[in-house]
Amino acid sequence: MKKADIGVGIGLIIISTWIFWYASEYSKATIYYYGPNFFPQFLAIAMCICAIILILNAVRGKSLARSDRIHLKGFIRMVIAIAICIGYLFLMQAIGFAMGTSAFLYVLMMFIGQQGQVKRITSSIAVSLIVWAIFRYFLIIPLPTGMFAFTF
Amino acid sequence: MDFTLLAAAFSTVMLTPINFIFVFIGITAGIIVGALPGLTATMGCALLIPFTFGLPPIQGLLMLIGIFCGGIYGGSISGILIRTPGTPAAAATLLDGYPLSQKGLAGKAIGIGTVASFVGGTTGAVIMTFLSPQIAKIGLKFGPPEFCSLAIFGLGMIITISGRSILKGIMAAIFGLMITVIGFDPLSGVPRFTFGSQNLLGGVTFIPALIGLFGYAQVFRNIEKITTLPPVESKVEKILPKISEITSNLKTMFKSAVMGTFIGSIPGTGCDVAAFITYGEAKRSSKHPEKFGTGILEGVAAPEAGNNAATGGAMIPMLTLGVPGDAVTAVLLGALTIHGLQPGPMLFRDHLDVIYPIFAGMIMAQFILLIVGLSGARVFAKLITVDRRILTPVIFFLCVVGSYAMRFSFFDVGLSLVIGVIAYFMEYYDYPVSPILLALILGPMAEQNLRRSLIISHGDPSVFFTRPISAAFILLAVAVIISSYYRIKKTAQREQQSALIESGTNHEA
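If you're wondering where the values come from, they're calculated on a predicted model, not measured in any experiment. (Residues numbered from 1 in each chain as written. Chains lettered and ligands numbered in written order. Predicted model: local features only at pLDDT ≥ 70, side-chain atom pairs only at ≥ 80, totals over all residues. Heavy atoms only, no water.)

Participant: Teacher, can you tell me more about the overall build of chain A here?
Facilitator: The helix and strand tally for chain A stands at 5 helices and 0 strands. The order of helices and strands in chain A, counted from the N terminus, is α-α-α-α-α. Within chain A, the proportion of its 152 residues that are buried is 39%. Of the contacts made within chain A by residues no fewer than 6 positions apart, 60% connect residues no fewer than 24 positions apart. Roughly 8,400 Å² of accessible area belongs to chain A as shown, and the carbon and sulfur atoms make up 73% of that amount. (Helix = DSSP H or I, 4+ residues; strand = E, 2+ residues; numbered from the N terminus. Buried < 20%, exposed > 50% of the residue type's maximum accessible area, 1.4 Å probe, protein only. Contact = heavy atoms within 4.5 Å. Areas by Shrake-Rupley, 256 points an atom, 1.4 Å probe, with all protein chains shown as cover.)

Have a look at this one:
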């Protein structure tokens, strides 16, 4: 994990420096000595020190061995799943919560390899309707209705 | 302790069927979440908090308490049946639970585990009920320096949940503290790091952050590994244990329960630590320690009583001082604030109408857990076998709903997704996410009181060391940090040695 530690360390030093500089603007906003800039700047310094120690440890060969690795295929699957979710957020606003959710669940189940067509259809419709009903009638929390404002 | 209020709370909770139903729903949902490997009690509470938004505080909190207790208990079911603990707290239970299952005694192991959970949970809840008001009385004397030192003590506990690297645990905590500075400054009202976004003026909302850290991150891991996870099979026979089997383990149960409560009450330790310590103590004090690990009921009773007792213990610092005992109580603390209640000593002064029903509900939850656990074990065992390809999308969807429902905001869903992606990568690079959660809770408390104290003392930091309670908290924090540092170092050395021995053996072979 040596390279990762050095990379993360450098990234955090840059971010901390930026936070320190950005927060210094807040000192002009109040009359307090311990004003709104104090805590963020304190944290930026602390993070910077930790990042330097992380880099030093990595350079001295004291980085931890990796306990697990990201599998590329699995990672791509995860990214596509997030993309499906983002699509779902737009779809939900267009066609309503329950219908959008049913479609999302069905597509995601199919994407990750659920084989049974009947299982996919019944579980996606059942889950979306149950949660929709709980929010709408029991908790009385409004959910997006989309173009079908009369029901879902 | 006001017994009149406690009696009134019992009658409110027990004689109102709706309260009873919410505890029942919470316990059942908690057991299901706990029993499913990969879903922790923390995640269960995080996902189900949105379902309590529309409820009155008492009912919502009773449901969450049910999820907490049920989740910790539920983890043992998968631990016993498939050698995969549903929650970290059940890791000690499988040491004897799984061998019992291999002998065809899975039902008996679940049965004795349920009774032990009941004994542990009830003991923990009773101790919590009687001890909390006394601690809160001390808490009422706190000023800004004490609260700041208390927050430092709580943050010091991060070391104990830092996993393999203390440095990375501290960095995760600082990252969490950085998140807390987003939004209006509590003292001056200046908006910080909002970049002109109206959505960030109130800060990063707790629930979406929580769902990102514990919900999305787990879903992403499940999706990534979905093709490599093996299918699950489970079978349960007779569950009800014999009276003689219960009585012969009662001493172990009560001893573990008392130990578990006090271990759980130390911030940062949690139910998993309580389970391992009580298992170790049961083995040490047993007449036949050599039988531990081969499948004996005592080896299931001790950790189950210990980890369930720790639920009550972990609630003590959360309710009385506003410092969560572990990750789940941190979530519960967030839930209390969502319902308009600020955990801490003031809660015992201003909201006795809520506190006593929580005590009563916690005790009642144990009885419901016993009934649901014994009668539904077969069903829960079946649920473990639910297809992950159906379950994972459903949890993904619950994460979306949960992060949306807090403010009906798609911005929160996006924010939650981003935090989930960050948490996903963090875990791969050995940065623990639990310190972020603690930092989100304790950050505002630390900042406000640190600045207030320094303003009052005209910038003199000795104010934290000259006041006895404040100094005591700082000393405790230092002691915990040092002892944890040596413990983690020792564990790492042991791991290194065993890895060397293993590589040597492989080389010889």
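And the narrative resumes.
Participant: It is not clear to me how the overall build of chain B should be interpreted in this structure. Could you clarify?
Facilitator: Regarding its fold elements, chain B presents 20 helices and 2 strands. Oriented by its inertia axes, the alpha-carbon framework of chain B measures out at about 70 × 65 × 45 Å. For chain B, with 509 residues in total, the buried portion stands at 62%. For chain B, the proportion of contacts with a sequence separation of at least 24, taken over those separated by at least 6, is 79%. Split by element, the accessible area of chain B, about 18,700 Å² in all, is 67% carbon and sulfur. Across chain B, the mean location of the 32 positive side-chain charges is 4 Å away from that of the 25 negative side-chain charges. (Lys, Arg positive; Asp, Glu negative; His and termini not counted. Charge placed at Lys NZ, Arg CZ, Asp CG, Glu CD.)

Participant: Is there a simple way to think about the packing of helix α5 (residues 117-138) of chain A against helix α16 (residues 388-405) of chain B in this case?
Facilitator: When two helices pack together, their arrangement is given by the angle between the helix axes and by the axis-to-axis distance. Orientation of α5(A) relative to α16(B), taken along the N-to-C sense of each, is 25 degrees, at an axis distance of 11 Å. Comparing the axis directions of α5(A) and α16(B) gives the class roughly parallel. Between α5(A) and α16(B) the crossing geometry is right-handed. Where α5(A) abuts α16(B), its residues A:Lys119, A:Ser123, A:Val127, A:Val131 and A:Phe135 lie against B:Ile390, B:Val394, B:Phe397, B:Leu398, B:Val401 and B:Ala405. The residue makeup of the contact of α5(A) with α16(B), split by class, is 9 nonpolar, 1 polar and 1 charged. (Axes fitted to C-alpha atoms, helices over the stretch in contact; angles between N-to-C directions. Parallel < 35°, antiparallel > 145°, perpendicular 65-115°, else oblique. Left-handed = near helix turned anticlockwise from the far one by under 90°. Nonpolar A, V, L, I, M, F, W, Y, C, P; charged D, E, K, R; others polar.)

Participant: Just checking my understanding: could you explain the interface of chain A and chain B for this structure?
Facilitator: When the parts of a complex come together, some accessible area is lost, and that lost area is often used as the size of the interface. Counting from both sides, the interface comprises 69 residues of chain A and, opposite them, 62 residues of chain B. Both sides together, the interface formed by chain A and chain B hides about 5,800 Å², and carbon and sulfur atoms give 81% of it. A per-residue breakdown of the area chain A buries against chain B is headed by A:Tyr34, A:Phe39 and A:Ile112, which together make up 12% of the total. Here chain A and chain B share 1 salt bridge between them. (Buried area = accessible area lost by both parts, 1.4 Å probe. Salt bridge = Lys/Arg side-chain N within 4 Å of Asp/Glu carboxyl O.)

Participant: Sorry, what's going on with the pattern of salt bridges here?
Facilitator: A side chain with one charge may pair with a side chain of the opposite charge, provided their charged atoms come close. All names here are of chain B. A full pass over the atoms with the stated rule returns 13 salt bridges over all chains. The shortest N-O distance in the salt bridge between aspartate 185 and arginine 451 comes to 2.7 Å. With aspartate 185 in the loop between β1 (183-184) and β2 (191-192) and arginine 451 in helix α18 (residues 434-456), the pair connects residues that are 266 residues apart, well separated along the chain. Accessibility classification places aspartate 185 together with arginine 451 in one group, the buried group. With a shortest N-O distance of 3.1 Å, aspartate 350 and arginine 349 are connected by a salt bridge. Look at the salt bridges and you will find they share partners, linking Asp185, Arg192, Glu447 and Arg451 into a network.

Participant: Help me understand the environment of B:Leu336, please; the structure alone is not making it clear to me.
Facilitator: All names here are of chain B. Relative to the elements of secondary structure, leucine 336 occurs in helix α13 (residues 327-338). By relative accessible area, which is 2% here, leucine 336 ends up buried. Put simply, leucine 336 and glycine 113 are 223 residues apart on the chain and 30 Å apart in space, counted from C-alpha to C-alpha. The residues contacting leucine 336, other than those within four sequence positions of it, are Leu61, Met318, Leu319, Leu341, Pro343 and Ile358.

Participant: Please explain the nonpolar core as it appears in this structure.
Facilitator: Taken as a class, soluble globular proteins show a tendency for nonpolar side chains to be buried jointly. Residue and element names in this part refer to chain B. Within the largest apolar cluster, 196 residues are counted, with the highest numbers of intra-cluster contacts made by Met315, Leu319 and Phe396. Tallying contributions element by element places helix α15 (residues 352-383) first for this core, with 16 residues. Non-local contacts of methionine 315, meaning those with residues more than four positions away in its chain, are made with Ile65, Phe68, Met128, Thr329, Leu332, Ile358 and Met362. Counting 7 residues, the second-largest nonpolar core is a separate cluster that includes Ala92, Ala275, Tyr279 and Ala302. (Core = buried A, V, L, I, M, F, W, Y, C linked by side-chain atoms within 4.5 Å.)

Participant: Looking at this structure, I do not really get the packing of helix α11 (residues 270-285) of chain B against helix α12 (residues 298-321) of chain B. What am I missing?
Facilitator: Residues and elements named next belong to chain B. Where α11 contacts α12, the axes come no closer than 7 Å and their chain directions differ by 145 degrees. Between α11 and α12 lies a crossing of right-handed hand. Here α11 contributes Gly270, Cys271, Ala274, Ala275, Thr278, Tyr279 and Ala282 to the contact with α12, which in turn contributes Glu298, Gly299, Ala302, Pro303, Gly306, Asn307, Ala310 and Thr311. Among the residues making up the contact of α11 with α12, the classes are represented as 8 nonpolar, 6 polar and 1 charged.

Participant: Hey, could you run me through unusual backbone geometry in this one?
Facilitator: Glycine aside, a negative phi is what most residues show, and trans is what most peptide bonds show. Residues and elements named next belong to chain B. Residue phenylalanine 195 is not a glycine yet carries a positive backbone phi of 50 degrees. Structurally, phenylalanine 195 can be placed in the loop between β2 and α9 (206-224). Phi at aspartate 430 takes a positive value of approximately 65 degrees, unusual for a residue other than glycine. With respect to the element layout, aspartate 430 can be found in the loop between α17 (410-428) and α18.

Participant: Honestly, the side chain of B:Asn19 in this entry has me stumped. Any pointers?
Facilitator: Residue and element names in this part refer to chain B. Locating asparagine 19 in the fold gives a position in helix α2 (residues 17-35). Overall, asparagine 19 belongs to the buried group, its relative accessible area being 4%. Those residues in contact with asparagine 19 that sit more than four places away from it in its chain are Thr12, Val13, Gln59, Leu62 and Met364.

Participant: So what exactly am I meant to see when it comes to the environment of B:Pro343 here?
Facilitator: All names here are of chain B. Here proline 343 is to be found in the loop between α13 and α14 (347-350). A relative accessible area of 7% means that proline 343 is categorised as buried. Counting along the chain gives 25 residues from proline 343 to methionine 318, while the straight-line C-alpha distance between them is 6.6 Å. Setting aside residues no more than four positions away along its own chain, proline 343 makes contact with Met318, Leu319, Gly322, Leu333, Leu336 and Thr337.

Participant: How should I be thinking about the side chain of B:Ser76 in this particular structure?
Facilitator: Residue and element names in this part refer to chain B. Along the chain, serine 76 turns up in helix α4 (residues 57-82). Given a relative accessible area of 3%, serine 76 falls into the buried group. Discounting chain neighbours no more than four positions away, the residues touching serine 76 are Ala90, Thr93 and Glu304.

Participant: What should I look at first to understand the packing of aromatic side chains in this one?
Facilitator: Centre distance and the angle of the planes are the two values used to describe a pair of aromatic rings. Applying the stated criterion across every chain, the model contains 31 aromatic pairs over all chains. Aromatic ring contacts, followed pair by pair, group A:Phe75, A:Tyr88, A:Phe104, B:Tyr216, B:Phe220, B:Phe396, B:Tyr424, B:Phe425 and B:Tyr428 into a single cluster. Between B:Lys168 and the ring centre of B:Tyr431, over which it is positioned, the NZ or CZ distance is 4.8 Å. (Phe/Tyr/Trp six-rings, centres within 6.5 Å; stacked < 30°, edge-to-face > 60°. Lys NZ or Arg CZ within 6 Å of the ring centre and 35° of its normal.)

Participant: I'm lost on the confidence of the model for chain A in this one. Help?
Facilitator: Taken as a whole, chain A shows an average pLDDT of 88; of its residues, 93% reach a score of 70 or greater. When pLDDT is averaged over each helix and strand of chain A, the minimum, 88, is found for α5(A) and the maximum, 94, for helix α2 (residues 38-59) of chain A. (pLDDT = per-residue confidence, 0-100.)

Participant: How should α11(B) be read in this particular structure?
Facilitator: Each turn of an α-helix holds 3.6 residues, which means side chains three or four residues apart point in the same direction. Spanning 16 residues, α11(B) covers 23 Å between terminal C-alpha atoms, matching the ideal 22 Å at 1.5 Å per step. In this structure, the buried residues of α11(B) make contact with α4, α5 (94-102), α10 (243-264) and α12 of chain B. (Expected span 1.5 Å × (residues − 1).)

Participant: For this particular structure, what's the right way to read helix α4 (residues 97-111) of chain A?
Facilitator: Residues and elements named next belong to chain A. Between its first and last C-alpha, α4 extends 21 Å over 15 residues, near the 21 Å set by a 1.5 Å rise per residue. Of the positions making up α4, those classed as buried are Phe97, Ala98, Gly100, Thr101, Ser102, Phe104, Leu105, Leu108 and Met109. Two residues or fewer after α4 comes glycine 113, characterised by a positive phi angle close to 100 degrees.

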